[in-house]
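# Notes for the structure review
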Amino acid sequence: MRPAPPRGVFITFEGGEGAGKSTQLGRLARHLQERTGRTVVTTREPGGSPRAEEIRTALLAGVAKRYGSFAEALLFTAARIDHLDRLIRPALRRGEIVICDRFADSTRAYQGAAGGLEARTVRALERVAVGETRPDLTLILDLPPETGLARARARSSETGPDRFEAEALDFHARLRAGFRAIAEAEPERCAVIDADRGADAVEAEIRAVVAARLPDLVPAEPGEGRHNAA
Ligand code: Z5A
C-alpha cells in the first residue's frame, strides 16, 4: 500500500499595502522547497484560480466600491470559495505546502476593521467560505501605513493607485490596527513581523518564526539553534 502523503501545511501572509508580502512569500517558498523537498504552491487572494482572478480584476478596478463594504466582502468571499475548492484544498489533500498572499484576515481587516462591516457579518461569511480550512500559520507584516503606501506608490507610479491604495491614510491606520487585533485575538495562529526593515532582516525573522511555530516542517540543520520566535 502506498504511504499516506504528509499533512498539507497552509501558511498565509497578511498586512497593509506595500508591506513586502509578495517579496517575502517568494523567499519563503524557495527556502521551504530547498529545506523540505516538498511541493510548495504559491498563490494569492483575491485570485489564485481562473474564476477568482476574474473577480480580482473587477474588485481592484473598483467596480464594486459604490455598492459598499458588504457587497465587496461578498465578492471577495465568492473568489475565496472558488480558490479553496479548485486550488487550496486539493493541494493540501496532496500533502503540499500552500503559501497564500492574503486570505480571510484581509476581509476582516479591509471590509471589517477599516471598511466598517460588522464583525458578526464578516465572521458568518468566513465560516461559510473557509470552514475548517484555517491557516496553520499567519505571518502579519506590520509597518507604518505611510511607509507601505510610499513603497506601493513608487511601484505603481505609472499605472496609478488601485481601489484600496487610493483610500485615505486613516483607512490604512484602521487597517493596521485591525491586523494587530487579529494577532492579539489568535496568538497561536498569528505572528506579527516588523516589516519596517530591510528585506533580508525581515526574511531572517520569518524563517525563525516558521522554524519555531512549525517545528515538524523544517528540519533543523546541524548546529542551528531553535528559538521561541513570537
Ligand atoms: N483585499 C480586501 O480588501 N479584502 C480581501 O478579502 C482580500 C484583499 C483578500 C489586493 O491587492 C487588494 O485586495 C489589497 C487588499 C484587498 N489592497 N490593495 N491594494 P494586491 O494583491 O494588488 O496588493 P497587496 O496585497 O496590497 O500587495 P502589494 O501592494 O503588492 O504589497 P506587498 O505584496 O505587501 O509588497 P511587495 O510587492 O513585496 O513590495 C512592495 C514594494 O516594496 C516593491 O517595490 C518591493 O520591491 C518593495 N519592498 C519589499 N520589501 C521591502 C523592504 N523590506 N524594504 C524596502 N522595500 C521593500
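As shown above, the structure is provided for reference.
Let me sum up the structure you'll find in this document.

Rules behind the numbers
- Residues numbered from 1 in each chain as written.
- Predicted model: local features only at pLDDT ≥ 70, side-chain atom pairs only at ≥ 80, totals over all residues.
- Heavy atoms only, no water.
- Buried < 20%, exposed > 50% of the residue type's maximum accessible area, 1.4 Å probe, protein only.
- Helix = DSSP H or I, 4+ residues; strand = E, 2+ residues; numbered from the N terminus.
- Pairing = 2+ DSSP bridges.
- Contact = heavy atoms within 4.5 Å.
- Near = heavy atom within 4 Å.
- Polar contact = N/O pair within 3.5 Å; in protein donor to acceptor, adjacent residues only side chain to side chain.
- Areas by Shrake-Rupley, 256 points an atom, 1.4 Å probe, with all protein chains shown as cover.
- Nonpolar A, V, L, I, M, F, W, Y, C, P; charged D, E, K, R; others polar.
- Axes fitted to C-alpha atoms, helices over the stretch in contact; angles between N-to-C directions.
- Parallel < 35°, antiparallel > 145°, perpendicular 65-115°, else oblique.
- Left-handed = near helix turned anticlockwise from the far one by under 90°.

### Here we look at the pairing of strand β4 (residues 137-142)
The buried count for β4 comes to six of six residues, which makes it a mostly enclosed element. Alignment of strand β1 (residues 9-15) against β4, held across five bridges, turns out to be parallel. Bridge assignment links G15 to a residue of β4, and that residue is L141. Both β4 and strand β5 (residues 190-194) contribute to a ladder of five bridges, which runs parallel. Looking at β5, one finds that D142 is bridged to D194.

### Focus: the environment of L139
Within the secondary structure, L139 sits in strand β4. Residues L139 and E96 lie 43 residues apart in sequence; the distance between their C-alpha atoms is 19 Å. For L139, the contacting residues outside a window of four places in its chain are I11, T12, F13, E14, L28, A191, I193, I206, V209 and V210.

### What about the site of the ligand?
Surveying the vicinity of the ligand reveals 26 residues, the closest of which are E17, S22, T23, R102 and T107. For the ligand, an oxygen atom lies 2.9 Å from a polar atom in the backbone of G20. Between a nitrogen atom of the ligand and a side-chain N or O atom of Q111, the distance comes to 2.9 Å. About the coverage of the ligand: the protein hides 82% of its 1,000 Å² of free accessible area. Per-element accounting of the shell around the ligand gives the leading share, four residues, to helix α4 (residues 104-114). The residue inventory of the shell around the ligand, partitioned by class, reads seven nonpolar, eight polar and eleven charged.

### Thoughts on the sheet that holds β5
Strand order in the open sheet formed by five strands is β2-β3-β1-β4-β5, and the pairing between neighbours is parallel. Each edge of the sheet is formed by a strand with only one pairing partner; in this case those strands are β2 (40-44) and β5. In this sheet, adjacent strand axes meet at a mean angle of 20 degrees when their direction is disregarded. Of the strands in this sheet, β1, β2, β3 (97-101) and β4 are in contact with helix α1 (residues 21-36), which crosses β3 at around 170 degrees. Helix α8 (residues 199-213) contacts β1, β4 and β5 of the sheet and is inclined by roughly 160 degrees relative to β5.

### Comments concerning the packing of α4 against helix α7 (residues 169-185)
Geometrically, a packed helix pair is captured by the angle between its two axes and the distance between the axes. The interhelical angle for the contact between α4 and α7, taken along N-to-C directions, is 130 degrees, at an axis separation of 8 Å. Put simply, α4 runs oblique to α7. As α4 packs across α7, the resulting crossing turns out to be right-handed. Contacts between α4 and α7 pair D105, S106, R108, A109, Y110, A113 and A114 from the former with F171, R174, L175, G178, F179 and I182 from the latter. Classifying every residue of the contact of α4 with α7 gives eight nonpolar, two polar and three charged.

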